[in-house]
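Next come the chains, spelled out residue by residue.
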Amino acid sequence: MEWALFLIFALVAAVAAAGMVLQRSPIYSALCLILALFAQGGLYVLLHAELIAAVHIFVYAGAIMVLFLFVIMLLDLRPESHPPVQFNRVGVLAGFVLAGALLVELALGVGPRIILGPRGPYDLETLRMVGNTQAVGRVLFGEYLIPFELTSVILLAAMVGAMVLAKRRLE
Amino acid sequence: MVPLWAYLFLSAFLFAVGVVGVATRRNALVIFMSIELMLNAVNLSFVAFARFLHSLDGQVFVFFVMTVAAAEVAVGLAIIIAIFRNAETVNVDEVHLLKG
């Protein structure tokens, strides 16, 4: 059952991601990416990260992709400004070589430590008892409190930067 | 239970598609979407590792990655709008304002 769900979500995510790169028009690319992100949210649920799944859908599908669609429609690109997609071999090769390097690195560097290394305190039974959201909240507002507070600075800087960059120059 | 390597393979594939998008597409918006896809691929590895290590640190890191992604998209799209206002295009091959 879990395998079936995993395969469905993984297939949808992979095909939609490939579609995003292959589509000629940016609006179809954005819609494909939204589909991929929803499938990824399903995978998070399969991994028992329910809070992450919900936040992922809110932030990505709800905020980021809506912003993308707004900008695409705001720019109102003519169809002739979308040339057919041409793939140079170097780019495709670079992508898969990089991903292969990532996998090898994970397998050689991280893999053995994952298999042999110590486990944290949050196994499934604990999470089921405490609740995923509560457990993540404890870690986020305990151990990671200062980094969490610092992210607000990033958001403030991004907000000010976006306004300064995007507004029309005043005479 | 689905093993860890299945998630890692999917994550690597999504990452590869993102790199291919950045390396081959010429539309600045699609390049940005590809970057989002790469960030998401890494998030998937984080959550998968967190699950298999019985730890929540990976899930907390996903929050930070999402924050950075949101900030990056806001600033990046503002830059794209500014470029479009000046150059009337989002094709990165035609934007060479800084070239001497």
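The coordinates are above.
Please read all numbers here as calculations on a predicted model, not as lab measurements.

1. Concerning helix α1 (residues 2–22) of chain A
Right, on to step 1. Across its 21 residues, α1 of chain A extends 30 Å between first and last C-alpha, which sits within 8% of the 30 Å expected from 1.5 Å per residue.
Right, on to step 2. Within the sequence span of α1 of chain A, burial applies to F6, A10, A13, A14, A16, A17, G19, M20 and V21 of chain A.
Right, on to step 3. The inward-facing, buried residues of α1 of chain A contact α2 (26–46) of chain A together with α1 (4–24) and α2 (28–52) of chain B.

2. Comments concerning helix α7 (residues 145–166) of chain A
Right, on to step 1. The end-to-end C-alpha distance of α7 of chain A is 32 Å, a good match for the 32 Å that 22 residues give at a rise of 1.5 Å each.
Right, on to step 2. Of all the positions in α7 of chain A, only T151, A158 and A162 of chain A are classed as buried. Projected down its long axis, α7 of chain A shows its buried positions confined to an angular sector of 30°, all on one face. What points out from α7 of chain A, more than 90 degrees from its buried face, is the exposed set I146, L150, A157 and M163 of chain A.
Right, on to step 3. Buried residues in α7 of chain A make contact with α3 (57–87) of chain B.

3. A few points about the interface of chain B and chain A
Quoted interface sizes are often the accessible area lost when the parts come together.
Right, on to step 1. Facing 68 residues of chain B, the contacting portion of chain A comprises 81 residues.
Right, on to step 2. For the pair chain B and chain A, the two sides together bury roughly 6600 Å², of which 80% comes from carbon and sulfur.
Right, on to step 3. By the criterion of area lost to chain A, the three top residues of chain B are M33, H54 and L56 of chain B, representing 10% of everything that side buries.
Right, on to step 4. Summed over the shared surface of chain B and chain A, the number is zero salt bridges.
Right, on to step 5. Elements with a minimum of two residues in the side of chain B that touches chain A: α1, α2 and α3 of chain B.
Right, on to step 6. For the side of chain B that touches chain A, the class distribution of residues is 53 nonpolar, 10 polar and five charged.

What counts and how
- Residues numbered from 1 in each chain as written.
- Chains lettered and ligands numbered in written order.
- Predicted model: local features only at pLDDT ≥ 70, side-chain atom pairs only at ≥ 80, totals over all residues.
- Heavy atoms only, no water.
- Helix = DSSP H or I, 4+ residues; strand = E, 2+ residues; numbered from the N terminus.
- Expected span 1.5 Å × (residues − 1).
- Buried < 20%, exposed > 50% of the residue type's maximum accessible area, 1.4 Å probe, protein only.
- Contact = heavy atoms within 4.5 Å.
- Arc of directions from axis to C-beta.
- Buried area = accessible area lost by both parts, 1.4 Å probe.
- Salt bridge = Lys/Arg side-chain N within 4 Å of Asp/Glu carboxyl O.
- Nonpolar A, V, L, I, M, F, W, Y, C, P; charged D, E, K, R; others polar.

No statement about biological role is implied by the geometric values presented.
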